[in-house]
Amino acid sequence: MPKFVYDFTEGNKDLKDLLGGKGANLSEMTNLGLPVPPGFTITTEACRHYLAEGAVPAGLAEEITEHLTALEGTMGKKLGQADDPLLVSVRSGAKFSMPGMMDTVLNIGLNDESVLGLAAQSGNERFAWDSYRRLIQMFGKTVLGVDGELFEESLEELKHAKGTTDDLDLTAADFQKLVGTFKGIVRERTGREFPTEPREQMDLAVKAVFDSWNSDRAILYRRQERIPTDLGTAVNICSMVFGNLGMDSGTGVAFTRDPASGQQGVYGDYLQNAQGEDVVAGIRNTVPLADLGQINEPVYRQLLQIMETLENHYLDLCDIEFTVERGKLWMLQTRVGKRTAAAAFRIACQLADQGLIDLNEAIHRVNGDQLAQLMFPRFDAAAPKEQIAKGMNASPGAAVGKAVFSSEAAVEAAARGEKVILVRRETTPDDLTGMIAAQGILTSRGGKTSHAAVVARGMGKTCVCGAEDLDVDVKARRLKTGDVVVQEGDVLSIDGSTGAVYLGEVPVSASPVVRYFEGELAPADGDELVQSVHRLMVHADAAARLAVRANADTPEDSERARRFGATGIGLCRTEHMFLGERRQLVEDLILATSDAEREAALDALAPFQKEDFHGILKAMDGLPVTIRLIDPPLHEFLPDLTELSVKVALAGADASDKDRRLLEAVHRLHEQNPMLGLRGVRLGLVIPGLFAMQVRAIAEAAAQRLSEGGDPRPEIMIPLVGSIQELEHAREEAEQVLRSVGGEVKALIGTMIELPRAALTAGQIAEGAEFFSFGTNDLTQTTWGFSRDDVEASFFSRYLELGVFGVSPFETLDRDGVGRLVRIAVEEGRRTRPDLKLGVCGEHGGDPESVHFFHEVGLDYVSCSPFRVPVARLEAGRAAV
Ligand code: PEP
Ligand code: MG
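For the protein chain, the name recorded in an unreviewed UniProt entry is Pyruvate, phosphate dikinase, with Actinocorallia aurantiaca as its organism. Per UniProt, the protein chain carries the Cofactor (unreviewed entry) text "Mg(2+)".

The structure is reproduced here in structure tokens:
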């Protein structure tokens with residue numbers, strides 16, 4: 001039978017899969033000799049068993065008893081013992097941190113008798129009753145499912161009756177009364193008494209934590225953060241220490257470096273006479289951690305020393321939760337801390353400079369998603385702006401939107417396509433939907449470690465928190481500051497890098513990281529961030545095996561892609577050159593009724609194509625340019641069937657001849673499943689002269705480049721091939737044209753692999769192809785049978801909810817299905833032609849996780865949109881080391 005329970009002395013930091021992040025790190029700290037209150041962890045395996053079977057695994061109860069007995073021995077008192085109770089916390093802790101998403105219950109073991117024992121032992125009656133009411137409140141809400149507002153309201157009423165707004169003004173008798181009220185709420189809402197038997201409390205809390213893995217907000221958070229749905233959570237049972245025993249006690253959060261900037265120093269918040277959740281929830285305003293130096297100097301010094309120990313041990317930024325109980329410091333949690341994208345780059349380089357990690361490790365400390373975030377625009381420094389408040393720079397970025405004061409309003413506005421700033425006094429985990437829907441989050445309370453700040457940073461959302469000048473009235477849907485009143489719907493701009501809040505819309509400008517990639521800002525002239533990005537990009541490029549090309553159809557995009565570090569074009573979609581005024585020429589082609597008309601239409605298109613190809617080959621001089629022959633169904637170039645029918649019907653006898661012919665053509669070309677219809681290579685084989693015109697334009701453009709002394713490297717790509725025969729027909733035509741143009745022009749001829757049949761017969765197809773480029777958009781569409789244009793907006797959210805997949809297969813490559821086809825095609829293609837060049841040009845070419853897969857299967861390059869090129873370069877480097 002597997003072991004389901006580990007004492008904190010038995011685990012270590014590498015057991016996150018089994019013990020969750022919190023449990024593994026509590027063990028690690030215990031082993032480092034740091035002051036961790038004794039306790040034990042129930043494994044994620046027990047949780048998975050419980051979630052699958054609906055019951056805890058056999059033997060778990062006995063194992064818990066064994067560890068509890070040992071804990072009671074260590075502590076010298078029993079759980080809930082009447083005269084001197086051992087109290088424990090029951091905390092969730094999954095492999096990946098999910099701040100505030102799952103449940104925690106503190107003060108387990110209190111009941112009507114043990115509360116008196118606790119009062120006597122602590123000599124603090126008020127504290128004992130406060131702890132008891134907190135237990136009923138947390139237990140009622142999280143374990144018994146009672147609406148938490150009911151408890152909050154009773155507390156507020158009591159304070160109101162006493163004419164105070166501060167918990168600290170409440171007495172032991174007040175809390176004792178509240179205990180009675182809270183028990184009444186539990187009785188009324190659940191039809192049962194609050195359970196007073198300590199072990200029952202503990203067992204119910206453990207199950208509630210297991211269940212909270214599948215709470216709506218946890219599911220939503222996992223989807224947002226792409227955390228797998230089937231990991232389950234561990235449960236930590238930890239002997240309680242108390243930060244609410246008086247002013248010599250307190251609780252706090254610390255970072256070994258600033259999670260927003262990466263600067264080394266003392267960062268965090270401290271709250272005197274309070275229990276853990278008060279800080280993270282942002283319920284009361286905290287003091288800066290450095291103030292602890294005045295409050296209790298020895299504890300402060302010990303904490304700094306522990307922070308240093310942890311950073312040197314984890315070789316990374318750590319965040320810490322701690323409690324001071326009557327002047328004694330206790331560590332309640334540590335983990336490698338979440339940080340902003342900019343801090344991630346800076347910290348990676350700082351750690352490398354300190355010699356703590358090497359550059360290979362440094363590029364693993366950052367990722368493509370973070371780099372993408374750094375490329376977002378920011379507020380234009382020169383623009384006039386009206387600053388109305390300043391809060392903490394909790395998560396960077398420049399966000400502009402209409403103020404909304406509830407998550408519901410944020411979600412509704414986002415559904416209407418509006419950009420919003422979610423304004424709250426503080427956020428709670430229930431605000432997750434609104435935070436996802438908003439451009440940015442603004443709160444008037446709470447520090448950099450408040451829920452809003454932690455969650456926003458994790459999501460890469462702009463956040464300003466603790467803007468205390470703002471008087472936020474959520475019920476009235478407005479905020480006030482000085483004379484300024486902002487109503488719901490008024491526009492705000494918030495700067496997550498400085499904490500500034502502006503009234504109205506502030507214009508944004510390019511980020512320095514983009515200016516660096518554009519070559520406008522030399523690394524030496526940039527700030528620490530630009531220098532860090534430069535350094536890590538240079539290392540990634542040197543380490544990478546995969547080349548990175550761009551998908552681009554214009555000379556301008558090609559030039560930008562090249563500046564961004566692309567080493568070629570992996571996909572030039574030639575049909576994009578048929579839009580705008582040239583659409584008319586395509587219409588002429590479609591409407592042609594004789595060979596002569598068709599040839600005339602093609603002759604009219606050819607010069608435009610040649611000019612475009614010339615520009616792109618020039619921009620990519622010396623680098624490969626894969627030009628794909630026309631792919632989409634021709635009806636895409638014709639007017640909409642319904643609109644045209646109405647137009648012709650309304651015109652009646654006056655309808656133009658052209659419109660009638662167009663309508664006839666639209667009918668003729670109409671298909672039930674156009675994506676499976678006349679497109680790609682099929683068009684080339686059915687419409688005489690179409691592919692030939694394109695190949696001639698490529699050859700002539702290349703010949704012109706050669707005559708100008710250039711080095712053109714065109715590659716001609718045939719789309720949507722399913723069989724070698726299709727490819728051979730297209731190829732013969734292309735070779736004939738190339739020969740007819742003559743001269744020195746050389747072009748590889750290859751194909752896209754974007755149909756399952758192409759992948760499965762890749763060994764044959766490679767006989768006619770000098771290169772393959774995986775079109776993973778169509779390959780995903782045809783492998784799953786999902787319409788790429790429809791499904792994401794229709795049923796994917798349900799599929800994500802059901803866990804059919806954790807992320808859309810159009811976003812991140814489905815390794816098991818589509819990936820298997822890619823592997824087969826790579827192996828069989830190379831078997832036929834060992835020097836076959838292999839790339840990918842579907843959207844997945846710019847997706848970090850997919851880039852790692854393409855590295856693993858041995859492709860030569862990935863190709864993605866110009867703005868994703870730096871992301872793919874970084875990921876290609878990370879995949880290689
Ligand atoms: C693909 O299918 O992956 C591809 C790159 O082609 P398109 O998106 O143009 O169909
Ligand atoms: Mg395609």
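Asker: Would you mind showing me how to read the overall build of the protein chain here?
Answerer: Counting its secondary structure elements, the protein chain contains 36 helices and 31 strands. Relative to the globule expectation of 29 Å for 881 residues, the C-alpha radius of gyration of the protein chain, 32 Å, shows essentially globular dimensions. Dimensions of the protein chain along its principal axes, counting C-alpha atoms only, are 105 × 60 × 55 Å. Counting across all 881 residues of the protein chain, residues that qualify as buried make up 52%. Restricting to contacts in the protein chain with at least 6 residues of sequence separation, those with at least 24 account for 69%.

Asker: Please explain the UniProt feature "domain: Pyruvate phosphate dikinase AMP/ATP-binding" (unreviewed entry) in the protein chain as it appears in this structure.
Answerer: Here, UniProt's "domain: Pyruvate phosphate dikinase AMP/ATP-binding" (unreviewed entry) annotation points to residues 60-285 and 299-343. Measuring from the first to the last C-alpha atom of residues 299-343 gives 28 Å, for a span that is 42% helix and 38% strand.

Asker: I tried to follow the site of ligand 1 on my own but got confused; where do I start?
Answerer: Neighbouring ligand 1 are Leu571, Arg573, Asp631, Glu754, Gly775, Thr776, Asn777, Asp778, Cys841 and Gly842. Of all the secondary structure elements, the ones that give two or more residues to the shell around ligand 1 are β25 (569-573) and α31 (776-784). Examining the composition of the shell around ligand 1, we find that three residues originate from one element, α31, more than from any other. Looking at the shell around ligand 1, its residues break down into two nonpolar, four polar and four charged.

Asker: Before we go on, may I ask you to explain the sheet that holds strand β9 (residues 318-325) in this structure?
Answerer: Two strands in a sheet stick together by hydrogen bonds in their backbones, pointing the same way (parallel) or opposite ways (antiparallel). Read across the open sheet, the five strands follow the order β8-β7-β6-β9-β10; overall the sheet is antiparallel. Of all strands in the sheet, those bounded by a partner on one side alone are β8 (287-288) and β10 (328-336). By the bridge criterion, six bridges tie strand β6 (residues 250-257) to β9 in an arrangement that is antiparallel. Bridging from a neighbouring strand, Phe255 pairs with Asp319 of β9. Helix-sheet contacts for helix α12 (residues 297-314) involve β6, β7 (264-272), β9 and β10, and the interaxial angle to β9 is about 150°.

Asker: Please clarify how unusual backbone geometry should be interpreted in this entry.
Answerer: With the exception of glycine, the majority of residues adopt a negative phi angle, and the majority of peptide bonds are in the trans configuration. Located in the positive-phi region is Asn107, a residue other than glycine, with phi close to 65°. Assignment of secondary structure puts Asn107 in strand β4 (residues 104-108). For Arg477, which is not glycine, the phi dihedral falls at a positive 55°.

Asker: So what exactly am I meant to see when it comes to the pairing of strand β24 (residues 547-551) here?
Answerer: On a regular strand, one side chain projects to one face of the sheet and the next to the other, so that they alternate. Summarising burial for β24: five of the five residues are buried, a large majority. In terms of handedness, the path from β24 via helix α21 (residues 555-563) over to β25 forms a crossover that is right-handed.

Asker: Where do I start with helix α3 (residues 60-75) in this structure?
Answerer: Because an α-helix completes one turn every 3.6 residues, residues spaced three or four positions apart along the sequence face the same direction. An ideal rise of 1.5 Å per residue puts 22 Å on 16 residues; α3 measures up with 22 Å between its terminal C-alpha atoms. All of the buried residues in α3 are Leu60, Ile64, His67, Leu68 and Leu71. All buried residues of α3 lie within an arc of 105° about the axis, which places them on one face of the element. α3 presents Glu62, Thr65, Thr69 and Gly73 as exposed residues on the side facing more than 90 degrees away from its buried surface. Buried residues along α3 sit in contact with β1 (5-7), β2 (39-42), α2 (44-53) and β5 (233-239). Downstream of α3 by a residue or two, Gly76 has a phi angle that is positive, lying close to 70°.

Asker: Got a minute to help me understand the domain arrangement of the protein chain in this structure?
Answerer: Accessible area lost on assembly of the parts is the figure often given for the size of an interface. On domain assignment, one finds that the protein chain holds domain 1 (5-239), domain 2 (250-336), domain 3 (376-509), domain 4 (546-633 + 681-880) and domain 5 (636-670). A C-alpha centroid distance of 26 Å is found between domain 2 and domain 3.

Asker: What exactly am I supposed to notice about the sheet that holds strand β19 (residues 478-481) here?
Answerer: Read across the open sheet, the three strands follow the order β18-β19-β20; overall the sheet is antiparallel. The two strands at the open ends of the sheet, each matched to only one other strand, are β18 (471-473) and β20 (484-487). Along the sheet, successive strands turn relative to each other by an average axial angle of 15°, direction set aside.

Asker: How do you make sense of helix α34 (residues 818-832) when you look at a structure like this?
Answerer: For α34, with 15 residues, the first-to-last C-alpha span of 21 Å sits near the 21 Å given by 1.5 Å per residue. Within the sequence span of α34, burial applies to Val818, Gly819, Leu821, Val822, Ala825, Val826 and Gly829. Projected down its long axis, α34 carries its buried residues within an arc of 155°, all on one side.

Asker: I keep staring at the packing of helix α24 (residues 641-651) against helix α25 (residues 657-669) and nothing clicks. Help me out?
Answerer: Axes are the key here: two packed helices are described by the angle between their axes and the distance separating the axes. Close contact between α24 and α25 brings their axes to 10 Å; oriented N to C, the two are set at 145°. The crossing of α24 and α25 is left-handed. Residues Leu641, Leu644, Ser645, Lys647 and Val648 of α24 pack against Asp659, Arg660, Leu662, Leu663 and Val666 of α25. Classifying every residue of the contact of α24 with α25 by side-chain character gives six nonpolar, one polar and three charged.

Asker: Even after reading the chapter, I still don't get the environment of Ile441, so can you show me in this structure?
Answerer: By secondary structure assignment, the location of Ile441 is in strand β16 (residues 440-443). What makes Ile441 buried here is the crowd of 29 C-beta atoms within 10 Å. The spatial distance from the C-alpha of Ile441 to the C-alpha of Asn273 is 29 Å, given a sequence separation of 168 residues. Excluding anything up to four places from it in sequence, Ile441 contacts Leu422, Thr427, Met435, Ala452, Ala456, Lys461 and Cys463.

Asker: Help me understand the environment of Val741 in this model?
Answerer: With respect to the helices, strands and loops of the structure, Val741 is situated in helix α28 (residues 724-741). Spatially, the C-alpha atoms of Val741 and Ala703 are 8.5 Å apart, while their sequence positions differ by 38 residues. Once residues within four sequence positions are removed from consideration, Val741 is found in contact with Arg696, Ala699, Glu700 and Ala703.

Asker: Got a minute to help me understand the packing of α21 against helix α23 (residues 595-619) in this structure?
Answerer: Running from amino to carboxyl end, α21 crosses α23 at an angle of 10°, the nearest separation of the two axes being 8 Å. Compared by their axis directions, α21 and α23 come out roughly parallel. Contact with α21, carried on its side by Pro555, Ser558, Glu559 and Arg562, involves Gly615, Ile616, Lys618 and Ala619 of α23 and no other residues of that element.

Asker: What is the right way to look at the confidence of the model for the protein chain in this model?
Answerer: Predicted coordinates in areas of low pLDDT are best not read in detail. Here the protein chain averages 92 in pLDDT, and 99% of its residues register 70 or above. Taken over the whole predicted complex, pTM reads 0.82, whereas the ipTM for its chain interfaces reads 0.99.

Asker: Can you walk me through the environment of Ala766 in this structure?
Answerer: Examined against the element boundaries, Ala766 turns out to sit in the loop between α30 (762-765) and β29 (771-774). Separated by 16 residues in the primary sequence, Ala766 and Gly750 place their C-alpha atoms 8.5 Å from one another. Residues in contact with Ala766, not counting those within four places in the same chain, are Gly829, Thr832, Arg833 and Leu836.

How each quantity is defined
- In this convention, every chain numbers its residues from 1, walking through the sequence in written order.
- Ligands are numbered from 1 and chains lettered from A, in the order in which they are written.
- In view of the model being predicted, local features appear only for residues whose pLDDT reaches at least 70, and side-chain atom pairs are presented and counted only at 80 or more, with totals across whole chains, interfaces and linings using the full set of residues.
- UniProt positions are given in the numbering used here, feature names are shortened, and annotations may be inferred rather than shown by experiment.
- Numbered from the N terminus, helices here are DSSP runs of H or I no shorter than four residues, and strands are runs of E no shorter than two.
- Both definitions apply: the radius of gyration is a C-alpha atom measure, and the globule rule equals 2.2 Å times residues to the power 0.38.
- Exposed residues have 12 or fewer other C-beta atoms within 10 Å of their own C-beta, buried residues have 20 or more, and residues in between are partly exposed; the C-beta atoms are placed from the backbone.
- By definition, residues are in contact whenever their C-beta atoms, placed on the basis of the backbone, come within 7 Å of each other.
- We call a residue near a molecule or strand when its C-beta atom, built from the backbone, sits within 6 Å of it.
- Residues are grouped as follows: nonpolar covers Ala, Val, Leu, Ile, Met, Phe, Trp, Tyr, Cys and Pro; charged covers Asp, Glu, Lys and Arg; every other residue, Gly included, is treated as polar.
- Here, any two strands with at least 2 DSSP bridges between them count as paired.
- For helices, the fitted axis covers only the stretch in contact; all axes are lines through C-alpha atoms, and the angles between them, taken along N-to-C directions, range from 0 to 180 degrees.
- A right-handed crossover is one whose linking path, passing over the helix from the first strand to the second, runs clockwise when the strands point away from the viewer.
- The span you would expect from a helix comes to 1.5 Å times its residue count less one.
- Directions from the helix axis toward the C-beta atoms define the arc.
- For each domain, the first and last residues come from an automatic or database assignment.
- Left-handed describes a crossing in which the near helix is turned anticlockwise from the far one by less than a right angle; the clockwise case is right-handed.
- By the definition adopted for this analysis, an angle is roughly parallel if under 35 degrees, roughly antiparallel if over 145, roughly perpendicular if from 65 to 115, and oblique otherwise.
- Each residue gets a pLDDT score, which is the predictor's confidence in that residue and runs from 0 to 100.

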